[in-house]
Structure formats: structure tokens, C-alpha cells
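# Descriptive analysis of the structure
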Amino acid sequence: MTRLSEYWLPTEKQDRPDAEAISHRLMVRAGLVRQLGAGMWTWLPAGWRVHERAVQIIREEMNAIGGQEMLMPVLQPAESWRKSGRLGIEELFKLTDRKGSELVLAMTHEEAVTTHVAQIVSSYRDLPLILYHFQVKERDEPRPRAGVLRTREFIMKDSYTFDRDAEGLEERYQLHVGAYDRILDRTGLEWYRVQSDVGMMGGLGAHEYMAPCAAGENEVALAPGFAANVEVASAFAQPVELPPSQPAPERVSTPGLTAVAGVAGFLGLPAGALLKAYPVVLDDARLVMVLVRGDHRVNEIKLAAVLGKPSRPARSEEIESQLGPPGFIGPVGLDGRVEILLDEAVDLAGSYVTGANVPDAHLRGVTPGRDFQFRPADVREVCVGDTVNGHPIRIERAIEVGNIFKLGTRYSEPLGASYLDASGREQAIWMGSYGIGPARIVAAAVEQFADEHGISWPSALAPFAVHLVAVGKRDTEERAAADELYETLRAGGIEVIYDDRDVRLGEKFADAELLGCPVRLTVGRQALADKEAELQLRRGLQRAPGLAIGGARADLIRALEELCQGLP
RNA sequence: CGGGGAGUGGCGCAGUCUGGUAGCGCACCCGGCUGGGGGCCGGGCGGUCGCAGGUUCAAAUCCUGUCUCCCCGACCA
């Protein structure tokens, strides 16, 4: 039943003043979603249709690689989370039942699926397996934002693979790469598959699927043949013109100049001719000095990977007591008291300016290796101007719509998921986990294709293929013609929303453009005279040749189907 | 967790500083005109001013506490 006079599509003329992201604004205005609380969203009928179109594409591609759909509960015993070591996660909702039993609301389903597999699988003959479900995820996000982009409850397709060994995992992983590539292609989104951080879980490899748009919370670095989350990206730095080398470091007075820009300006050097000292403290309270070029920034995720453990920036009093005055610290003369990590973008033969470890002074003519010992490491964040294989990189904001992750035995070991191999030996099962968020796909589609009039859906996701607008009042000839066309389209299997409301035409057109179905058909007096419904394509608001409505119904349906096939 | 802002009919807001009859636009209901880009006229319905406590003859307004929501940052297994 998709007559607008009876359909629950609460559109709004005005934007919500507090909605910033395009998708947040338009999805509320178009009547697709409504907010219930912070990070809690209801999908209204038209919005749910879009969501389910994304779901169906995902389901078909998962089935195509041999995935088996199932359903696991959100409410779970805390025990397996304790075993896996994830009970302490702050984002995990925890609760107790009336008997005092500890429960959690699952944020993903590794614990549940691995528990089942541990119980059920016992032989190498039972493997491999690809299991998946669409299920609600609960996460106590510190800051939900941007409509459905970051919520505390959302539906995710998560799949889990179980293999005998690393080679099997690689195979299952590649199947997911193929499936995810096809899913993203089919949605009509612009997207990238990027290398990503394996996180604190220490996985064996991971990729993210990113949809570029302004509301994105991630940044991706891109060049021909190269795509990576800036969290992990590495590239060649643009060279810097350095001053001539000196036989030994020389102290220069730099009163009050604690920032790179100030020192560089004062000495007439580019920022890249300085070495910026970034002291961090490890969990065992050990201090490490990280040095990057003055025009670069430390990437804390890459740093954590190099250090093998998390660190935090050192506090002023720690810097003061162990190194020197904050703002004037440097690597020279520390005599091995603190470890020094030197970023690989630093020219080892170069002559640099560093802090002197005394107030209001820097050293110039400092050369790594000669003047201080160090461990080389790639710890800087890539930036515009860097190159990969000679191509300059660009950096774009993007929404993470999916991720795939080689887990290895991270969960199978603590949860006891093992099998007997052909020789009767017990082996840990090798796992992978793979997530994709239909809501984020939907929001990304809004972000990528909206214009000043509203949403413009890719055909694959549109709530309806055709938005049919009746012009005339009730009980007129043109209204009767529109009614008839609606019934014809329905009978022909076309997904159509029919605006039969008794409101002004301007309001109908405005709502049609807001909702963003790919094809708009209008039936009024002119159409009736020409025996053609007026046709406008939503993408670009192009007027197209009319659709003949006088002839055979089958011809009309075929013409419309052909038209829809060709739309983006 | 740090910083900023906001809670007043369904929605968007004014009123709060300086306490004294709760108001405007949209939406909604009724009637009429109009009918190819959010139209016009007339009449109506609808609000314990987030919640709790306090001050006062009197509180949307002053005081205290508390809850919720939004934005920026931190965080995001």
C-alpha cells in the first residue's frame, strides 16, 4: 500500500537546526528516520525499505560465497566475554538479571559464534565454515553523532569464518574481499578498500571499506594503486632543503620560541629542517623520545605498532625532570638515558635544528647518528605532498561502511574452539571476522549524491523506483488517469510510491525531490492530452522524454524497466 | 572525559537580564476561495514552560540540585 495519502512518510519543510551532517538532515526531513534518544534511531517505513535493500544485496553476495545465514542473540552471558578478555571494554553494555547473573549486550558476536563452534566442531572434516547474521549491535558510544552514522544501537551484518589453518583463513578472507567488492559496487556508492589498523587485538591483517564523503569520521590516503587509512598509511615524504652540515652542533639563542613555526621563522629555515621531539611514556613509566621532521606529525597508531604497546604523551613535569624545559628538548646529550625513535622521513646525512635541553636555546647542525643514537621507525602521519611510487597522494574524508579482519586464533584459543586434524592432533581453529553496516551504506549514499533539493538515491537503494505524482483534484479525468497508471505499474511489478494527496503540486514535487526516487512520473492535463506521463530523472533533475501511457500495458512496463536499468 | 550550547503546544522559536493574564510562525481541525512548484481568507483545538526542591503575596523568569539533547575535541576491539 503505497499511496502517499495513506503512507507514513512524515516529511518536513524545515531542517532541524541541530543537524549538521547532510545525511542526518535529509534522512530526518525526508521522513526516513526519527530519533528516540542519543544514538537511538527508529527507521520509518520508507527508510526501512532502503535499509532492507542494502541488506538484501549483502545477503545475496554472502550466500554467493557459501555463507550460511543464522541468528544469534544480543543478550548474552558475561562468561564468554570474561574468557575472551573483552568484558572490560568500556563500550560494552553490562547488566544483571533478577537472579544476579551477569549479562552483556553484544557489540559483536565473536564470543557467541566461537562458543557454538567450539561445542559443535570437532573434526577437520567440519571445516571450513562461513557463518553470518544480521543482528543488532549495542555499543555504549561516548559520543553518538551525525544521525545514523554513529549510533549506540545498529544493525550489522557480521560474518565469521572458521578454518583449519592460515592458508584456509587467507582463502576465506579473499572470498570476503570479492563479496564486499561486489556489494559496494552494487550499492552504487563510490568506495575504496583500504589497508587498516589491526588494532589492539593484534590481528593478522585487515581492510576497511570506505565511502568518501564530508561527514566521514576517517581519513584515507589515496594514490594510483594505493589506498590506506591514514592511521596506517606510509608514503615518501617530500624532500626538504636543508642547510649545509656543520662539524658539530652549535647552540643558538631562541628566547621564548617553543613552537616549530617560531623557531623556523626566526632562523630562516623551512619547518622540515627542524626535528620535533615528542616525548611519550609507556605503561611501565619508561620515557621514549619520538623525533619527526618539524613539518610532520606523529601518528599515534603507527607509533603504538612500533612500540608494541600503547603510550601517552609525557606530562610537562615528566619532561622537565627527565629531559629539559618543555619546548626546548632534543636528542643530543641524553647519553642513552631515554630511547630515541627517529622517523624514517628524516635524512640521516642532513643537518637539523633541535631543542638544546636548556631554556631558550636550540642546536643547529645536528646530524643523526653522529650527534645522537636512535632507532629508525616509520611513525609519522602521511600528509599532502607525500608520494607513493612517484604519484602524489591525496587525503579524503570517508565513512567506514565495512571492515574485514583476520583474527587468527585470538578467540578460538581462549574459548576452546579446536579440531582434530587428519593425524589426530588437536589444532586451534583459524578465524576471520567481517562486518558491514547497512545503515552506514544508506547514509553514505545520501551524503554522496544529495543536492540542494534533497536525496538522490542510487537505483539499487531507492525506496521506490518510481515516484508517481497526480496533478488534478479528486474526481477529475487526469486523476483517474493517474490512478490507472498507478495500478498498471503495481500490476507490472514496478516499485512505486503514488502521491495521491490532495495538496498543492509544489508540495508534491518538493517532497518527491526530497525523497529522491530515481524516476518521477507526473500525470496532469497535459499528459492526458499527449498520452504521455511526464518523466523527470532525479539525478541532476533532468527532464526526459515522456512515457507513453496510451498503448499496451506490457509495452509501458518494458519501457520503464529498460529506463530504470540504465540509471545509476 | 574536557570545552561550548539548548530544554516553553506536534515542529521551529520569542518571552527569562528587570518575577505579575504564556505569545508568534508552521502544522493540525472546521468553512470558503484557489488549483502545474510549499496559495489566500475566516473561525478553532492544543502548553502542569524537562524534572525535583527552595525563595516570594506571586516563579517560564530568582536560587539549589538533577535529568535529557545537540555541537567541537578526546575516544571508537
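In what follows, the structure referred to is the one given above.
Below you will find a few notes about this structure. Residue numbering note: each chain is counted from 1, following its sequence as written. Here chains are named by letter from A upward and ligands by number from 1 upward, in the order in which they appear as written. At least 70 in pLDDT is required for a residue's local features to be given in this predicted model, at least 80 for side-chain atom pairs to be given and counted, and no such filter applies to totals for whole chains, interfaces and linings, which use all residues. Where side-chain values are given, they derive from all heavy atoms of the structure, hydrogens and water being excluded.

## Things to note about the overall build of chain A
The condition that has to hold: Strands are runs of DSSP state E lasting at least 2 residues, helices are runs of H or I lasting at least 4, and numbering of each runs from the N terminus. Only protein chains enter the area calculation, which uses a 1.4 Å probe; residues under 20% of their type maximum are buried, those over 50% are exposed, and those in between are partly exposed. Whether two residues are in contact is decided by their heavy atoms: any pair within 4.5 Å suffices. Areas reported as accessible are Shrake-Rupley estimates using a 1.4 Å probe. Residue values count occlusion only from the protein chains shown. In this tally, Lys and Arg are treated as positive and Asp and Glu as negative; His is ignored, and so are the chain termini. The atoms used to mark charge sites are NZ of Lys, CZ of Arg, CG of Asp and CD of Glu.
A count of helices and strands for chain A gives 13 helices and 33 strands. A principal-axis box enclosing the C-alpha atoms of chain A has dimensions of 95 × 65 × 45 Å. Looking at chain A as a whole, 50% of its 568 residues qualify as buried. Looking at chain A alone, contacts between residues at least 24 apart form 69% of all its contacts between residues at least 6 apart. Working note: accessible area of chain A is about 25600 Å², and carbon and sulfur atoms make up 50% of it. Put simply, chain A has 63 plus and 81 minus side-chain charges, and the middle of one group is 3 Å from the middle of the other.

## Quick notes on the packing of aromatic side chains
Test applied: The aromatic pairing rule takes the rings of Phe, Tyr and Trp, using the six-membered ring of Trp, and pairs them if the centres are within 6.5 Å, calling planes under 30 degrees apart stacked, those over 60 edge-to-face and the rest tilted.
Summed over the entire model, instances satisfying the criterion amount to seven aromatic pairs. For the ring pair Tyr180 and Tyr209, a centre distance of 5.4 Å and an interplane angle of 55° mean the geometry is tilted. One end of the pair, Tyr180, is in helix α5 (residues 166–187); the other, Tyr209, is in strand β10 (residues 205–212), and 29 residues separate them in sequence. Its relative accessible area of 0% is what places Tyr180 among the buried residues. The exposure class assigned to Tyr209 is buried, which follows from its relative accessible area of 0%. Look at Trp191 and Tyr209: their rings are 5.6 Å apart centre to centre, the planes differ by 35°, and that puts the pair in the tilted class.

## Things to note about the protein's contact with RNA strand B
Here is the rule we go by: Here a residue is considered near a molecule or strand provided that any single heavy atom belonging to it is located within 4 Å of it. N or O atoms closer than or at 3.5 Å make up a polar contact, with two conditions inside protein: a donor-capable atom paired with an acceptor-capable one, and, for residues adjacent in sequence, both atoms drawn from side chains. Polar here means any residue outside two lists: the nonpolar Ala, Val, Leu, Ile, Met, Phe, Trp, Tyr, Cys and Pro, and the charged Asp, Glu, Lys and Arg; Gly therefore counts as polar.
Taken together, 34 residues surround RNA strand B, and among them Gln35, Arg150, Arg504, Glu513 and Glu534 come closest. In this structure, Glu513 approaches RNA strand B through a side-chain N or O atom, which is 2.6 Å from a base nitrogen. Contacts to RNA strand B include Gln526, whose backbone N or O atom sits 3.2 Å from a base oxygen. Broken down by secondary-structure element, the contributors of at least two residues to the surface near RNA strand B are β1 (33–37), α11 (505–515) and α12 (525–530). In terms of residues, the surface near RNA strand B owes the most to one element, α11, which gives seven residues. For the surface near RNA strand B, the class distribution of residues is 10 nonpolar, six polar and 18 charged.

## Some points on helix α6 (residues 260–267)
Defined as follows: Starting at the helix axis, one direction is taken to each C-beta atom, and the arc is that of these directions.
Along α6, the residues classified as buried are Val263, Ala264 and Leu267. Angular distribution of buried residues about the axis of α6 spans 95°; they occupy a single face of the element. Across α6 from its buried face, at more than 90 degrees, point the exposed residues Ala261 and Gly265. Buried-residue contacts for α6 involve β13 (250–253), β19 (352–355) and β20 (361–366). Gly268 lies just past α6 and shows a positive phi near 70°.

## Re unusual backbone geometry
Backbone torsion omega between Leu127 and Pro128 reads 0°, so that peptide bond is classified as cis. A positive phi angle, close to 50°, is found at Asn389, a residue other than glycine. Its location among the elements puts Asn389 in the loop between β23 (387–388) and β24 (391–392).

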